[in-house]
Protein chains: 2
Amino acid sequence: MAQAKTQAERIALKVRRKQRLVRVALGQEKADLVLKNADYINVFTGEICHGDIAVANGLVVGMDGQYEGVTEVDVSGRIVAPGFIDAHIHLESSLVSPASFARAVVPHGTTTVICDPHEIANVCGTDGMDYMIAATEGLPLDVHFMLPSCVPATPMEESGAALSWRDINAYFDHPRVLGLAEMMNYPGILMGDRKTIEKIVVSQAYHKKIDGHAPGLSGKALNAYMSAGVYSDHECDTLENALEKLRKGQFIMIREGTAAQNLEALLPLLTPQYAHRCMFATDDKHPGDLLDKGHIDYIVRKAIRLGADPILTIIVASHYAARYFLLNNKGAISPGYLADFVVLDDLKNVNVEMVFKRGRLVYDGGAVAMEEPAIDPDILGGVTGTVHMPPLTAEQLALGDAPLIGLIPGQIVTEDLGRAQGVDTAQDVVKMTVCERHHHTGHVASCYVRGYGLRCGAVATSVAHDSHNIIACGVNDVDMALAVNRLRELGGGMAVAEDGRIVAELALPVAGLVTDRPLEEVNAALERCKAAAVERGTQPGIDPFMTMSFASLPVIPTLRLTTRGVIDVNTQTIIE
Amino acid sequence: MAQAKTQAERIALKVRRKQRLVRVALGQEKADLVLKNADYINVFTGEICHGDIAVANGLVVGMDGQYEGVTEVDVSGRIVAPGFIDAHIHLESSLVSPASFARAVVPHGTTTVICDPHEIANVCGTDGMDYMIAATEGLPLDVHFMLPSCVPATPMEESGAALSWRDINAYFDHPRVLGLAEMMNYPGILMGDRKTIEKIVVSQAYHKKIDGHAPGLSGKALNAYMSAGVYSDHECDTLENALEKLRKGQFIMIREGTAAQNLEALLPLLTPQYAHRCMFATDDKHPGDLLDKGHIDYIVRKAIRLGADPILTIIVASHYAARYFLLNNKGAISPGYLADFVVLDDLKNVNVEMVFKRGRLVYDGGAVAMEEPAIDPDILGGVTGTVHMPPLTAEQLALGDAPLIGLIPGQIVTEDLGRAQGVDTAQDVVKMTVCERHHHTGHVASCYVRGYGLRCGAVATSVAHDSHNIIACGVNDVDMALAVNRLRELGGGMAVAEDGRIVAELALPVAGLVTDRPLEEVNAALERCKAAAVERGTQPGIDPFMTMSFASLPVIPTLRLTTRGVIDVNTQTIIE
């Protein structure tokens, strides 16, 4: 039959596929692929086993003894491992589309990522979800989704969209949706906030996972958060907090990404007593970091270098992540499992030589074998042209006495430095402005900032957590307005302006967050933008774009600038 | 609201329940129950932890620190463990209804059983399923179901019903249905038999588990069986076979029941390298065995006595079984998990002192606190009065030259001893007869048997695997007909006759397999029946009923008697 329409037809079709698996497993028919003479990691026993790995219909059908295949690849002397899994990533942090992301991470052995499309959902709501689902169809990388739980992050923010349980409810029946993403609003849970708990309840009703985000939460507060139904945490930065959460029953995502690195602190978890409740996650992975270090393979290498057992580490990087998410046909080399393999040179260097996805060789040192997904124009339309604001005039930026926010090198917390009366580069005081860009409200708010270091011109970005309004820092109002208006023209991105002209820019036309250009090209443009900012004086220890991108997130102390003005995060009030 | 009807109402109701959990976990409100000063087994780390275990709405909400409860139970000096789980049992093997079974096993710490209602399904088909589901509602024991995969066991049998994928399809949406029960027909899988594979495919379509049953299966045949989608095995009687299955990815159910005991052979699996892929199962548990030894607690005690680590053994008996079946709120003492606890005296004797089910004390040394489930009369009607056959006359049992089956003490395999010409107690040759009892066909077949030992009278039972027709052995046709006809009157059961009268009997009115009488009473009647048979000469090493109950199952070598005549199992042909 061309297409199985009834349940009976679907069953008949699947029976025929199974019958082929049985014949190939029995050696009655050639496999599609055989990895000959494989030394492979047995995730069930922690051993290295040896045999021919036979694959049919994209699934492993047998490992022991000898098999013949239409395609045979001799992997003697190599180590075959299950494909690596990133348990939690905001894919938008790479600044590229899912297809470009796949091209970048598949060569690192990643075959599955669990993605929280929180950024694009803050801009585009369900249209962002629809785009992410469409843009990840048919990639050589399985992208699963946890549905964003906190859009917007707080009611103080003017985001592009807000998601209620009714909005996310429409997505749970998608086969790649695995649950509810990091429940950042743990204060809401502890206060019994209805709208927060509703999202957990609806996710549980579908028997899905609920991920946590609760830095330092402990004792009875942790009990309450877990009782509400939160099963994991990726915010452990001390062994003590990780052990409390693990003992109580949370799964621990050991996070090692661009913005936060917890592997070293949590290394003692990579031992038999604890590792079975752990997995790896990057959370955020910026272009340069991805290109320079790698992805999950980098975490595996670093863990081994720090002294973790290589086999156990690879099991954490694959099997345990799959098991947590109930991806029961992933994370093992075993009959019936997906033929997602990484071929490594050895267990010391952990260099990825080949990657197989569903039995297809997708990487062997060159470009990733893949096709661009065809995205419905209506769906693409929902995430492009997302900058909806009137042109900004220099006059709107006029500012007298106003609060002064202090940036701290290497950190994202800020200081309350009182007030300032104007830009004063000698005192390292520049202006910061946030422009609402989703709903054409014309809301613009400004203040002063110290510690940014800019001496001339202006820097602007539409990547500004979590609402992704346009934020800019500048020495003069004309360049600030120019940089912001350039982003308005580009549909979002990053820009540096000086003396009335744009000196560097990166267009991020999808939601003002990502582009479908290749990662290398995006990184080069980003580096040019950063260099342009650094040339104009931004402080060492400050990423001119990333630091600014957190300056409007009113959940991190002390002061933040939103479209409504400067917020004192500790009191959640606007400073007049 | 009295009853939540819309999704929104259900969500609102559940949110309110969650809000209470949060308040209790935070200590803002008293718990329903607190186990004070508990030393409890932490299944996540293998440690013994200490604290007050607080329960609200039947769920654990916190363990550390101190909690106050409406009810407080001091468990100082005891060990608290998660409730025990039997991963695979044919509940009908206890000869009692689910309620009587619950009364018997809850005092042994069993709070969950995974049941394959294969016996009653062979008699009553979907009516048997419906009864089992109704008869297990609201018990202090959670009975989950795996749907019978092989009804009838072979096409050679005249069973009461046959189940296709369409029949089982109607049950997968039941919250207590977890998958497809032991796929005994591995030859069917290996031959690619459509009707066999269909049942796996439909179970997979619901993302359910599929249990295996493949004694000794190995190499490429095992690969093929697993490729078809079989995830576990409970038929390992050698460590070698268990390790091959475990290495390849099957979960191993270590079976220790009445008919088969594999714990000693598989004890090396109870080590950290392998135990996480193991669980315990009894498969069959007869009344006397249950009363004398216990249930899963007996396996735990025996494993510890044989040298296994006590904490690891208890984790196998609870958490690992729950995890395999994706019972994600069972098998741990952790916030959000069901408050199913066993309070043990210590880790050496493992005596069960108290049992809590969903936070309710259901056993503390006396009778189990429970109510009998109310079963719809129509559903009960579907499983009673199931003996449909004309009265048997002595004349129908006339037999001249016929095959002679040899029974072997302590085994269920039989020997082909050629032929006999008549009953000859001096040579230990008696008559055996099987009467079709489901469809009023009047089919009766007889042969001779050696090794049973009967010297006078007759013995009959309606428990006769897997079709549960009535089987009888006897020295004279009048007593054989009498015993069979008595079972016809009783609606099934067991009987011993001599000299024209019934000398002992046990009525099993539900499907001819079980009764709702208490286990002690049933066992006493069973023992009277057995004694009556032994007094009449049945061999030591032969259970007069159980051995006979396997004599008609045409999947175990060498010869079996079915309603169609004597089957040579190896050739699957009828011996004329």
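The following refers to the structure shown. Just so it is clear, the structure is predicted and the values come from calculations on it, not from any experiment.

A look at the overall build of chain A
And then number 1: What chain A contains, in helices and strands, is 18 helices and 27 strands.
And then number 2: Its C-alpha atoms give chain A a radius of gyration of 25 Å, near enough to 25 Å, the size a compact globule of 576 residues would have.
And then number 3: For chain A, the spread of C-alpha atoms along the three principal axes comes to 80 × 50 × 50 Å.
And then number 4: Considering chain A as a whole, with its 576 residues, one finds that 65% of them fall into the buried category.
And then number 5: Excluding contacts between residues fewer than 6 apart, the proportion of contacts in chain A whose partners are at least 24 apart in sequence is 68%.

So, the packing of aromatic side chains
Residues and elements named next belong to chain B.
And then number 1: On inspection of all chains with the given rule, the structure shows 12 aromatic pairs over all chains.
And then number 2: Aromatic pair Tyr324 and Phe325: ring centres 4.6 Å apart, planes at 70 degrees, arrangement edge-to-face.
And then number 3: Using a relative accessible area of 2% as the deciding quantity, one classes Tyr324 as buried.
And then number 4: Taking the centre distance of 6.3 Å and the plane angle of 65 degrees together, the rings of Phe341 and Phe356 count as edge-to-face. With Phe341 in strand β14 (residues 341-344) and Phe356 in strand β15 (residues 352-357), the pair connects residues that are 15 residues apart, well separated along the chain.

Details of the relation of the copies chain A and chain B
And then number 1: Aligned on chain B, chain A shows an RMSD of 0.1 Å; the corresponding rotation is 180 degrees and the shift along the axis is 0.0 Å. Taken together, the rotation and translation relating the two chain copies correspond to the operation of a two-fold axis.
And then number 2: Looking at the interface residues of chain A, 100% of them are also at the interface in chain B, so both copies use one shared face.

Re the sheet that holds strand β9 (residues 177-183) of chain B
Residues and elements named next belong to chain B.
And then number 1: Ordered in space as β6-β7-β8-β9-β10, the five strands form an open sheet in which the pairing is parallel. Strands with a single pairing partner mark the edges of an open sheet, and in this sheet they are β6 (84-89) and β10 (209-212). Across the sheet, the axes of successive neighbouring strands diverge by a mean angle of 30 degrees, strand direction being ignored.
And then number 2: Examined bridge by bridge, β9 and β10 share three bridges and lie parallel to one another. When the sheet's bridge partners are listed, Leu180 is paired in β10 with Ile210.
And then number 3: Seen against the sheet, helix α7 (residues 194-205) touches β9 and β10 and runs at an angle of roughly 155 degrees to β9.
And then number 4: Together, β6 and β10 form the strand contacts of helix α13 (residues 310-324), whose direction differs from that of β6 by roughly 60 degrees.

Structural notes on the pattern of salt bridges
And then number 1: With the rule as written, the count across this model stands at 62 salt bridges over all chains.
And then number 2: A salt bridge links Arg247 of chain B to Glu47 of chain A, with the nearest nitrogen and oxygen atoms 2.7 Å apart. Placement of Arg247 of chain B in helix α9 (residues 239-248) and of Glu47 of chain A in strand β2 (residues 47-56) is noted, with the two residues assigned to different chains.
And then number 3: One salt bridge in this structure joins Glu498 of chain A and Arg536 of chain A, with 2.8 Å as the shortest N-O distance. Of this pair, Glu498 of chain A sits in strand β23 (residues 493-498) while Arg536 of chain A sits in the loop between α17 (519-535) and α18 (546-549), and the two are 38 residues apart along the sequence.
And then number 4: Taken together, the shared-partner salt bridges in this structure form one network comprising Asp142, Lys330, Asp340, Lys357 and Arg358 of chain A.

Quick notes on the side chain of Asp543 of chain A
And then number 1: Tracing the backbone shows Asp543 of chain A in the loop between α17 and α18.
And then number 2: For Asp543 of chain A, the contacting residues outside a window of four places in its chain are Lys530 and Met548 of chain A.

A look at the nonpolar core
The nonpolar side chains of soluble globular proteins are, as a tendency, buried together.
And then number 1: With 305 residues, the main nonpolar core has Leu269, Phe280 and Tyr452 of chain A together with Leu269, Phe280 and Tyr452 of chain B as its most contacted residues.
And then number 2: Beyond its immediate stretch of four places on either side in the chain, Phe280 of chain A contacts Ile85, Asp86, Ala87, Ile254, Leu263, Leu270, Ile296, Ile299, Val300, Thr313, Val316 and Ala317 of chain A.

Some thoughts on the interface of chain A and chain B
Quite often, the size of an interface is put as the accessible area lost when its parts meet.
And then number 1: Counting residues at the interface gives 65 residues for chain A and 65 residues for chain B.
And then number 2: Taken together, the connections running from chain A to chain B amount to four salt bridges.
And then number 3: Put simply, chain A and chain B have 28 residue pairs in polar contact (both at pLDDT 80 or more) between them.
And then number 4: Looking at the side of chain A that touches chain B element by element, the count peaks at 11 residues for helix α1 (residues 7-25) of chain A.
And then number 5: Within the side of chain A that touches chain B, the residues separate by chemical class into 31 nonpolar, 20 polar and 14 charged.

Describing the environment of Leu270 of chain B
Residue and element names in this part refer to chain B.
And then number 1: Inspection of the secondary structure puts Leu270 in the loop between α10 (263-266) and β13 (278-281).
And then number 2: Between the C-alpha atoms of Leu270 and Val300, which are 30 residues apart in sequence, the distance is 11 Å.
And then number 3: Sequence-distant contacts of Leu270, defined by excluding residues within four places in its chain, comprise Ile254, Leu263, Ala275, Phe280, Ala303, Ala308, Leu312, Thr313 and Val316.

So, the sheet that holds strand β27 (residues 573-575) of chain A
Residues and elements named next belong to chain A.
And then number 1: Here three strands make up an open sheet; going across it, the order is β25-β26-β27 and the pairing antiparallel. Either end of the sheet is taken by a strand with one partner, and the two such strands are β25 (559-562) and β27. Mean inter-strand twist for the sheet, computed between neighbouring axes without regard to direction, equals 40 degrees.
And then number 2: Relative to β27, strand β26 (residues 565-568) is paired through three bridges, and the arrangement is antiparallel. The residue bridging Val566 from the neighbouring strand is Ile575, located in β27.

With respect to empty space enclosed by the protein
All names here are of chain B.
And then number 1: Throughout the structure, instances matching the rule amount to nine cavities of 30 Å³ or more.
And then number 2: Lining the largest cavity are 20 residues, and of these Ser93, Leu95, His286, Val463 and Met494 lie nearest its centre.
And then number 3: Breaking the lining of the largest cavity down by element, the ones donating at least two residues are α16 (519-535) and α17 (546-549).
And then number 4: Broken down by class, the residue content of the lining of the largest cavity amounts to 10 nonpolar, five polar and five charged.

Focus on α16 of chain B
And then number 1: Over its 17 residues, α16 of chain B runs 24 Å from end to end, which matches the ideal 24 Å to within 8%, given 1.5 Å per residue.
And then number 2: Here α16 of chain B has its buried residues at Leu519, Val522, Asn523, Ala525, Leu526, Cys529, Ala532 and Ala533 of chain B.

A short note on the side chain of Thr313 of chain B
And then number 1: Looking at where Thr313 of chain B falls in the secondary structure, it is placed in helix α13.
And then number 2: Residue Thr313 of chain B is classed as buried on the basis of its relative accessible area, which comes to 0%.

Observations concerning the packing of helix α12 (residues 296-305) of chain B against α13 of chain B
Working note: a packed helix pair is described by the angle between its axes plus the distance between those axes.
All names here are of chain B.
And then number 1: α13 packs onto α12 with a crossing angle of 150 degrees between their chain directions and a minimal axis gap of 10 Å. Here α12 lies roughly antiparallel to α13, going by the angle between them. Considering how the two elements wind past one another, α12 and α13 form a crossing that is right-handed. The residues of α13 that touch α12, namely those facing Ile296, Val300, Ala303 and Ile304, are Pro310, Thr313, Ile314 and Ala317.
And then number 2: Split by residue class, the contact of α12 with α13 holds seven nonpolar, one polar and no charged.

Looking at the environment of Asp74 of chain B
All names here are of chain B.
And then number 1: As for its position among the elements, Asp74 is in strand β4 (residues 69-74).
And then number 2: For the pair Asp74 and Arg536, spaced 462 residues apart in sequence, the C-alpha to C-alpha distance is 55 Å.
And then number 3: Not counting chain neighbours up to four residues away, the residues in contact with Asp74 comprise Lys36 and Asn37.
And then number 4: Among the polar contacts made by the side chain of Asp74, one reaches the side chain of Asn37 at a distance of 3.1 Å.
And then number 5: Within the structure, the side chain of Asp74 is placed 2.4 Å from the side chain of Ser76, a separation counted as a polar contact.

Concerning the environment of Asp364 of chain B
Residues and elements named next belong to chain B.
And then number 1: Among the structural elements, Asp364 can be located in the loop between β16 (360-363) and α14 (377-381).
And then number 2: Between the C-alpha atom of Asp364 and that of Pro107, which follows or precedes it by 257 residues, the distance is 7.9 Å.
And then number 3: In contact with Asp364, not counting residues within four places along its chain, are Glu353 and Met354.

Here we look at the packing of helix α8 (residues 219-227) of chain A against helix α1 (residues 7-25) of chain B
And then number 1: Packing of α8 of chain A against α1 of chain B brings their axes to within 8 Å, and their N-to-C directions diverge by 165 degrees. In terms of orientation, α8 of chain A and α1 of chain B fall into the roughly antiparallel class. In terms of crossing hand, the pair formed by α8 of chain A and α1 of chain B is right-handed. Of α1 of chain B, the residues touching α8 of chain A (which contributes Lys220, Asn223, Ala224 and Ser227 of chain A) are Lys18, Leu21, Val22 and Ala25 of chain B.
And then number 2: Looking at the contact of α8 of chain A with α1 of chain B, its residues break down into four nonpolar, two polar and two charged.

Calculation rules
- Residues numbered from 1 in each chain as written.
- Chains lettered and ligands numbered in written order.
- Predicted model: local features only at pLDDT ≥ 70, side-chain atom pairs only at ≥ 80, totals over all residues.
- Heavy atoms only, no water.
- Helix = DSSP H or I, 4+ residues; strand = E, 2+ residues; numbered from the N terminus.
- Rg over C-alpha atoms; globule rule 2.2 N^0.38 Å.
- Buried < 20%, exposed > 50% of the residue type's maximum accessible area, 1.4 Å probe, protein only.
- Contact = heavy atoms within 4.5 Å.
- Phe/Tyr/Trp six-rings, centres within 6.5 Å; stacked < 30°, edge-to-face > 60°.
- Least-squares fit on C-alpha atoms with pLDDT ≥ 70 in both.
- Pairing = 2+ DSSP bridges.
- Axes fitted to C-alpha atoms, helices over the stretch in contact; angles between N-to-C directions.
- Salt bridge = Lys/Arg side-chain N within 4 Å of Asp/Glu carboxyl O.
- Core = buried A, V, L, I, M, F, W, Y, C linked by side-chain atoms within 4.5 Å.
- Polar contact = N/O pair within 3.5 Å; in protein donor to acceptor, adjacent residues only side chain to side chain.
- Nonpolar A, V, L, I, M, F, W, Y, C, P; charged D, E, K, R; others polar.
- 1 Å grid on protein atoms, 1.4 Å probe; cavity = no way out; pocket = protein on both sides within 12 Å on 5 of 7 lines; lining within 4 Å.
- Points joined across faces, edges and corners; volume = space filled by probe spheres on them.
- Expected span 1.5 Å × (residues − 1).
- Parallel < 35°, antiparallel > 145°, perpendicular 65-115°, else oblique.
- Left-handed = near helix turned anticlockwise from the far one by under 90°.

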